[in-house]
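# Coordinate analysis (summary)
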Amino acid sequence: PILYVAVGFAVFSVSDALRGPRPLGIGFDSAAVEYVTELIVIISLVGAGLRIERRPGLTRWMSVWRLLALAMTLSILAAVGLGGLLLGLAAAPAILLAGVLAPSDPVLADDVQVARPGDREERDEVRFTLTAEAGLNDGLAFPVIHHAIAVTTATVAGSLLEWVAYDVVFRVAVGVAMGWGFGRVINAFGHRTGEFFRNQTSEGLFSLGATILVYGLTEVVNGYGFLAVFVAALVRGADDHDYRREAHDFIEQIESILVAVVLLGFGALLSEGILDELTWGGALFAVLFVFVVRPVAGWLSLIGRPMPGRERFAIAFFGIRGLGSLYYLAYAANHADFGDALAQVWAVVSLTILLSIGVHGISASPLMRRLDRQRDDEPAAGTGPRGDLETEGLTP
């Protein structure tokens, strides 16, 4: 990711023949940004869902539930407060900034996530937790974005209760239900046509088409499509088909191509001045969010979990921000008018993503390798948090 962004920035900076998208100016198509980033998040979510084989459950997924309920909430509250304090943002853009940066990114987190279906890394609590968190919190950030949009149109009417009932409870429930139902249907279809899916391309194209179908139908009935595609892939991952790994590998290849394109485009955005509206307060916000807000919120949410401190630190620290944030921001820009504050929000979000790509990109591989070595040096399973995983429903 660091290389792609650098190349995009360099090429669009030095070449007079190329003109990159100019943020918030003539030639900036936020709809195009929304659709491209939407597609890559969808594909990344299905890949994450296929990699997870641990059956969902209150105890088995407790670290994930804590991050979603506590770390994400604390991050949102802190971002709203810092947005008002450091940037002087009004309520709507402050809520928007918080919602955009609240979810960790499933796209740029490969080095800290489970690698492939069936890999031993599924037993790694750090990788499992970060993979599942990134898969679920993308859909859960949407209620905050919708609330920010409602504030701009002064339709907070009906009020907080209506927002909770519809945007939070109803749309989340529909997303989960649609994902579970379609995941079961796709599995049944796979059983009946197993002889057909014997190569990576066939199964991959089928998974890609099924994913977009699930997403589209869920959005039609006003559910959260991101949640639906992740849950559908999770349900598929629980079914032990030989071709599941083939589907994942194909999806991962498509994702890699799209990541390259989007990150080159992000580099172009940087070259065309997306950071021009950045203030010292905005820069401080980005630094605090990456180095303080998420790590502290993540650490606090995991207090009491039976895991070594170094693993808790890794989960808390690797709250990677990336292309999902660009999608949410473009989506909000296309559905409401946030006034002059939008340029400042674009600048702060872009700097936060840039910091995350640099800091997490450089540190992820060495820190995860160190965790792996330390875990391998520990006594074999049977006692402690590592041994507990055997009884927490992992698929052999």
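For the rest of this paragraph, the subject is the overall build of the protein chain. Within the protein chain one finds 15 helices and zero strands. Here the protein chain holds 396 residues, and 55% of them are scored as buried. Sequence-distant contacts in the protein chain: of pairs separated by 6 or more residues, those separated by 24 or more amount to 85%. In the structure as shown, the protein chain presents an accessible area of about 16,400 Å², 64% of it carried by carbon and sulfur atoms.

Over its 13 residues, helix H13 (residues 323-335) runs 19 Å from end to end, which matches the ideal 18 Å to within 8%, given 1.5 Å per residue. Judged by how many residues are buried, H13 sits mostly within the fold: 10 of 13 residues are covered. Residues of H13 that are buried include every one of Leu323, Gly324, Ser325, Leu326, Tyr327, Tyr328, Leu329, Ala330, Tyr331 and Ala332, and no others.

Ranked by internal contacts, the top residues of the largest apolar core, which has 105 residues, are Leu96, Leu97, Ile145, Phe226 and Phe338. Considering each element in turn, this core owes the most residues, 11 residues, to helix H14 (residues 341-376). Beyond its immediate chain neighbours, meaning those up to four positions away, Leu96 contacts Ile145, Ala148, Leu329, Ala332, Phe338 and Leu342.

This part is about the environment of Val46. Along the chain, Val46 falls in helix H2 (residues 30-51). Judged by its relative accessible area of 6%, Val46 is buried. Spatially, the C-alpha atoms of Val46 and Leu227 are 9.9 Å apart, while their sequence positions differ by 181 residues.

Reading guide: rules and limits
- Residues numbered from 1 in each chain as written.
- Predicted model: local features only at pLDDT ≥ 70, side-chain atom pairs only at ≥ 80, totals over all residues.
- Heavy atoms only, no water.
- Helix = DSSP H or I, 4+ residues; strand = E, 2+ residues; numbered from the N terminus.
- Buried < 20%, exposed > 50% of the residue type's maximum accessible area, 1.4 Å probe, protein only.
- Contact = heavy atoms within 4.5 Å.
- Areas by Shrake-Rupley, 256 points an atom, 1.4 Å probe, with all protein chains shown as cover.
- Expected span 1.5 Å × (residues − 1).
- Core = buried A, V, L, I, M, F, W, Y, C linked by side-chain atoms within 4.5 Å.

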